[in-house]
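Results of the structural survey
Take a look at the letters that make up each chain.
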Amino acid sequence: MRIANHAGRAVLVVSDGKGADIATASDGRFGPDPQSLYDQWDAFTAWAATAAPVPDVEIDAARLGSPSPAPSQVVAIGLNYADHAAETGFEPPTDLPPVFTKFASSITGPYGEIALPGGGHTDWEVEVVAVIGRTAHRVTADAAWDHVAGLSAGQDLSERILQFTGEAPQFGFAKSYPGFAPIGPWLVTLDEIPDRDDLALGCAIDGETVQDGRTSKLIFSIPRTIAKLSEVITLRPGDVIFTGTPDGVGLGRTPQRFLRPGETLRTWVEGIGEMEHTFR
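Residues numbered from 1 in each chain as written. Predicted model: local features only at pLDDT ≥ 70, side-chain atom pairs only at ≥ 80, totals over all residues. Heavy atoms only, no water.

Turning our eyes to something else, we now look at the packing of aromatic side chains. Using the criterion set out here, one finds seven aromatic pairs in the structure. A ring pair is formed by Phe30 and Trp47, whose centres lie 5.7 Å apart and whose planes are at 55 degrees; its orientation type is tilted. Placement of Phe30 in the loop between helix H1 (22-25) and helix H2 (34-39) and of Trp47 in helix H3 (residues 41-50) is noted, with a sequence separation of 17 residues between them. Grouping residues by exposure puts Phe30 and Trp47 together as buried. Ring geometry for Tyr38 and Trp41: centres 5.6 Å apart, planes at 20 degrees, overall stacked. With respect to class, Tyr38 is no different from Trp41; both count as buried. Pairwise contacts between aromatic rings join Phe30, Tyr38, Trp41, Phe44 and Trp47 into one cluster. Directly above the aromatic system of Phe242 lies the positively charged group of Lys102, at a separation of 5.7 Å from the ring centroid. Just above the ring of Phe220 sits the side chain of Arg224; from NZ or CZ to the centre is 3.8 Å. (Phe/Tyr/Trp six-rings, centres within 6.5 Å; stacked < 30°, edge-to-face > 60°. Helix = DSSP H or I, 4+ residues; strand = E, 2+ residues; numbered from the N terminus. Buried < 20%, exposed > 50% of the residue type's maximum accessible area, 1.4 Å probe, protein only. Lys NZ or Arg CZ within 6 Å of the ring centre and 35° of its normal.)

Pairing is mixed across the open sheet formed by five strands, whose spatial order is E9-E19-E18-E15-E16. Here the strands that pair on one side only, and so sit at the sheet edges, are strand E9 (111-114) and strand E16 (208-214). Averaged over neighbouring strand pairs, the angle between their axes works out to 15 degrees when direction is ignored. (Pairing = 2+ DSSP bridges. Axes fitted to C-alpha atoms, helices over the stretch in contact; angles between N-to-C directions.)

Turning next to unusual backbone geometry. A cis amide bond links Gly184 with the next residue in sequence, Pro185, at an omega value of 0 degrees. By the secondary structure assignment, Pro185 is in strand E14 (residues 181-188). Phi is positive for Arg138, which is not a glycine, with a value near 55 degrees. Residue placement: Arg138 occurs in the loop between strand E11 (126-132) and helix H5 (141-144). Classification of Arg138 as exposed rests on a relative accessible area of 66%.

The next subject is the environment of Ser158. Structurally, the position occupied by Ser158 is in strand E13 (residues 158-159). For Ser158, the contacting residues outside a window of four places in its chain are His121, Thr122, Asp123, Glu125, Gln163, Ala174, Lys175 and Phe180. Within the local environment of Ser158, its side chain forms a polar contact with the side chain of Lys175, the two groups lying 2.7 Å apart. (Contact = heavy atoms within 4.5 Å. Polar contact = N/O pair within 3.5 Å; in protein donor to acceptor, adjacent residues only side chain to side chain.)

Here we take up the pattern of salt bridges. Using the criterion set out here, one finds 17 salt bridges in the structure. Between Lys175 and Glu125 there is a salt bridge, and its shortest N-O distance comes to 3.3 Å. One end of the pair, Lys175, is in the loop between helix H7 (171-174) and E14; the other, Glu125, is in the loop between strand E10 (122-123) and E11, and 50 residues separate them in sequence. The class for Lys175 is buried, based on a relative accessible area of 2%. (Salt bridge = Lys/Arg side-chain N within 4 Å of Asp/Glu carboxyl O.)

See below:
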């Protein structure tokens, strides 16, 4: 099942370019707000399993928003691929990767323009995003997937000058400019993903591939990450987790390279889809 946020309404994607408005198809049982679906996730998935919705929406990529547009928490994991840790000068974590937050005001959809902060060095970081479907607190890694509504593609865009200004790194602050957390193009439920523990992901700038990785190389897999987070945090339905980026970021290159006005960043995750953003 693929669930899109189309012009602020929850839409069930039924074929290429076609969708069914969930509020209409369910006769109002589920509201139009995409965020509200996660609070009723079990009831919604039970309904969707037997529903035969009529396509009534022409999906316009330019009108797609984040499948979880207003989560109560946006959690992000750093240095979760050994090669990425190495390229940025850190030792790979063995106990727990760095955990930080991105502010929810930075969330945007899978297509459009993103403004570059003046005088900054904005970097790219392709990631798989996990969206929580059931409250998770002190869950085991074996049970963690049962608490996930689905997966999406994301970019943890990062302004590197601000990130490393001051006495301590400003991870969350420097990664939370408007548009710095694009998510999309939709949520894909786990039953549609052939191997949820081994997904190809990558991104390209103006056609040049700059990241190309696989989630099988995560130091902390998605379920292990959720288990570790839930030892402390109560993860709520609709919360999103940026699970880490592979190597290939601009900070780790020689010479370093950062996004420039007019460039287009295409992002993809196997089995989920693509995003595309132009910078100004």
